[in-house]
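Summary of the model geometry
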Amino acid sequence: MSVKLNEKYLSGFVSEIEVKKISHLTEAAYSLVKSGEGEGSDFLGWVDLPVNYDKEEFARIKDAAAKIQKNCDVFVVIGIGGSYLGARAAIEYVKSPLYNNLAKDTPEIYFAGNTISSSALADVLRLCEGKDVCVNVISKSGTTTEPAVTFRIFRELLEKKYGEEGARERIFVTTDRARGKLKEFSTEKGYETFVVPDDIGGRYSVLTAVGLLPIAVAGIDIDAMMKGAADAREKYSVNCWKSNECLRYAALRNIMYNKGKSMEILVSYEPSVQMFCEWWKQLYGESEGKDNKALYPSSVIFSTDLHSLGQYIQEGQRTMFETVIDFKKSVDTVVISDDPNNIDGLNFLSGKELHDVNRMAMTGTLFAHNDGGVANVVIEVEDRSEYSFGYLVYFFELACAVSGYMLGVNPFDQPGVEAYKKNMYALLGKPGYEEHKAELEARMN
Ligand code: PA5
């Protein structure tokens, strides 16, 4: 088993009777996911994706990744939200946040189009100077401003550098099967395209071509990743509130929320997991933050943040609980050496593995936060492998859908994201937004 829920640090905060009391709700929510009778059921493609994925496209992803690895020094991945976070999370989780500094046989990978900052884009363009570049633009709708503008700039750069024909060999597009500006444009230009399935929303799409192409370019074993997700799907296939740990996690979140907690903090002691936390924050924030409800998803990396937010978690407002990802094994081994003179007084650590020290910091923190009135759910994970990444992705996606239905929201839409877009388009003078522009200008004056 790759992932295990440890509820020891919930003792005194949540009882088994409380979990049992809402078990009808938990199991009913799971039934909605499985039967497709809940709201947003057009977006349940991720449920069986780990076994039902398009094998022909999967093979094409591997071929394209090999071609990209061969043809470029720099691979630029353009996308935002669900079309960005999963791939970056996987690369940092399995490899390192310093992947680009350490990569030897695979291209450097930079993410662009996830902001409208000129400086951020200019930095990536500078990094491309004098290098061979390939681009993967990812947008399900094909109309999102941030990636669309960024792609226009990179397309021009590639066409200037390699000519239209050469650029065609270096541009890879991941978008809707049939609809949208990006699809139309790619067909016209003859770019190789990959599909974001109709029934999978952005934040549930990391195990489709959206995530898999960049992940494969980084030299990560995508078969092992899909296997992890497939095993999780199998493991959490039984609708039982008691034994299904995915359901238990959803139930525990619901209990915490109803006890007045307003924030869940995802905790890891591995800096490599920071972007996974960002992926998780989008998954839960965009899925549940509706109708003035839901836990605010937040994250910290310890022990780094024990020296910043640690004070607040220990003694600030008692509004949060923590979900801790605990990796049993480390990818690397660092042993603390012995100093015969013990000048720094650290010989009590001589011969110890740094990962064991890290885990002691974790255990110490779990007790301290419990003593400070903060409940902790611990998710024990074997190691930081591609297998466990796929497994955890499925665990959190399923728990999110169940949790969303328990909360009474549609976990698959994101109507709130449109509000800023409408204002931005109006202010920028996009045709069709004239009336709204006048309204905003009246508010500004
Ligand atoms: O989860 C979602 O649906 C969103 O975060 C989208 O992924 C994000 O808005 C990007 O959309 P698109 O892929 O259409 O450019």
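The structure displayed is predicted, hence computed values, not measured ones.

Digging into the overall build of the protein
A count of helical and extended segments in the protein gives 18 helices and 10 strands. Taken against the 2.2 N^0.38 rule, which gives 22 Å for 445 residues, the C-alpha radius of gyration of the protein at 23 Å falls within 12% of a compact globule. With the C-alpha coordinates aligned to their principal axes, the bounding extent of the protein is approximately 65 × 60 × 55 Å. Burial statistics for the protein: of 445 residues in total, 52% are counted as buried. Of the contacts made within the protein by residues no fewer than 6 positions apart, 79% connect residues no fewer than 24 positions apart. When the accessible surface of the protein is totalled, it reaches about 20,000 Å², and 52% of it is carbon and sulfur. Averaged over its 50 positive side-chain charges, the protein has a centre that lies 2 Å from the centre of its 64 negative ones.

Considerations on the site of the ligand
Every one of the 13 residues lining the ligand counts as a neighbour, but Ser83, Ser139, Ser141, Thr144 and Gln282 are closest to it. Between the ligand and the protein, one listed contact pairs an oxygen atom with a side-chain N or O atom of glutamine 282 at 2.5 Å. In isolation the ligand offers 390 Å² of accessible surface; the protein chains occlude 89% of this area. Taken atom by atom, the bulk of the ligand overlaps the largest pocket. For the shell around the ligand, a count of residues per class yields 1 nonpolar, 9 polar and 3 charged.

Some words on the layout of surface pockets
Empty space within the largest pocket amounts to approximately 790 Å³. Residue assignment for the lining of the largest pocket shows that the elements contributing at least two residues are strand E4 (133-139), helix H8 (145-168), helix H13 (274-288) and helix H17 (418-428). For the lining of the largest pocket, the leading source of residues is H17, giving 4 residues. A breakdown of the residues in the lining of the largest pocket according to their chemical character gives 9 nonpolar, 13 polar and 7 charged.

A word on the sheet that holds strand E9 (residues 320-327)
Ordered in space as E1-E10-E9-E7-E8, the 5 strands form an open sheet in which the pairing is mixed. Because the sheet does not close on itself, it has two edges, and the strands there are strand E1 (3-6) and strand E8 (296-301). Neighbour-to-neighbour, the strand axes of the sheet open up by a mean angle of 20°, direction not taken into account. As paired elements, strand E7 (residues 263-268) and E8 share 6 bridges and run parallel to each other. Counterpart to valine 267 in the pairing with E8 is valine 300. Sitting on the sheet, H13 touches E7, E8 and E9, and the angle it makes with E8 is about 175°. Across the face of the sheet, helix H16 (residues 386-407) comes into contact with E1, E7, E9 and strand E10 (376-381) while running at roughly 145° to E10.

Regarding the side chain of threonine 319
Mapped onto the secondary structure, threonine 319 falls in the loop between helix H14 (310-315) and E9. Apart from the residues within four sequence positions on either side, threonine 319 is in contact with Lys261, Ser262 and Met263.

A closer look at the packing of aromatic side chains
Summed over all chains, the structure comprises 28 aromatic pairs. Ring geometry for tyrosine 93 and phenylalanine 327: centres 5.7 Å apart, planes at 70°, overall edge-to-face. With tyrosine 93 in helix H5 (residues 85-94) and phenylalanine 327 in strand E9, this residue pair connects regions lying 234 residues apart in the sequence. Here the two residues tyrosine 93 and phenylalanine 327 agree in accessibility, since each one is buried. Above the ring of tyrosine 9, the side-chain terminus of lysine 8 is found at 5.5 Å from the ring centroid.

A closer look at the environment of serine 141
Relative to the helices and strands, serine 141 resides in the loop between E4 and H8. The exposure class assigned to serine 141 is partly exposed, which follows from its relative accessible area of 36%. Taking the C-alpha atoms as reference points, serine 141 and lysine 181, separated by 40 residues in sequence, lie 8.0 Å from one another. Excluding residues that lie within four positions of it along the chain, serine 141 makes contacts with Gly180 and Lys181. Within polar-contact distance, the side chain of serine 141 engages the backbone nitrogen of threonine 143 at 3.3 Å. Side-chain polar atoms of serine 141 contact the side chain of threonine 144, separated by 3.2 Å.

Focus on helix H9 (residues 181-189)
All of the buried residues along H9 are Leu182, Lys183, Ser186 and Lys189. Relative to the axis of H9, the buried residues are bounded by an arc of 135° and lie together on one face. Exposed residues on H9 whose side chains face more than 90 degrees from its buried face are Lys181, Thr187 and Glu188. Contacts made by the buried residues of H9 are with E4, H8, strand E5 (171-175) and strand E6 (192-195). Phi turns positive, to about 80°, at glycine 190, one or two residues after H9.

Some words on the pairing of E4
Most of E4 sits inside the fold, with 7 of its 7 residues counted as buried. The alternating pattern of E4 places Val133, Val135, Val137 and Ser139 on one face and Cys134, Asn136 and Ile138 on the opposite face, and all of these are buried. Judged from the 5 bridges that link them, strand E2 (residues 74-78) and E4 form a sheet pairing that is parallel. Across the sheet, residue phenylalanine 75 finds its bridge partner in E4, namely cysteine 134. Here 5 bridges tie E4 to E5, and the two strands are oriented parallel to one another. Note that in E5 the partner of serine 139 across the bridge is threonine 175. Running through H8, the crossover from E4 to the neighbouring parallel element E5 is right-handed.

Reading guide: rules and limits
- Residues numbered from 1 in each chain as written.
- Predicted model: local features only at pLDDT ≥ 70, side-chain atom pairs only at ≥ 80, totals over all residues.
- Heavy atoms only, no water.
- Helix = DSSP H or I, 4+ residues; strand = E, 2+ residues; numbered from the N terminus.
- Rg over C-alpha atoms; globule rule 2.2 N^0.38 Å.
- Buried < 20%, exposed > 50% of the residue type's maximum accessible area, 1.4 Å probe, protein only.
- Contact = heavy atoms within 4.5 Å.
- Areas by Shrake-Rupley, 256 points an atom, 1.4 Å probe, with all protein chains shown as cover.
- Lys, Arg positive; Asp, Glu negative; His and termini not counted.
- Charge placed at Lys NZ, Arg CZ, Asp CG, Glu CD.
- Near = heavy atom within 4 Å.
- Polar contact = N/O pair within 3.5 Å; in protein donor to acceptor, adjacent residues only side chain to side chain.
- 1 Å grid on protein atoms, 1.4 Å probe; cavity = no way out; pocket = protein on both sides within 12 Å on 5 of 7 lines; lining within 4 Å.
- Sits in = over half its atoms within 2 Å of the grid points.
- Nonpolar A, V, L, I, M, F, W, Y, C, P; charged D, E, K, R; others polar.
- Points joined across faces, edges and corners; volume = space filled by probe spheres on them.
- Pairing = 2+ DSSP bridges.
- Axes fitted to C-alpha atoms, helices over the stretch in contact; angles between N-to-C directions.
- Phe/Tyr/Trp six-rings, centres within 6.5 Å; stacked < 30°, edge-to-face > 60°.
- Lys NZ or Arg CZ within 6 Å of the ring centre and 35° of its normal.
- Arc of directions from axis to C-beta.
- Right-handed = clockwise from strand over helix to strand, strands pointing away.

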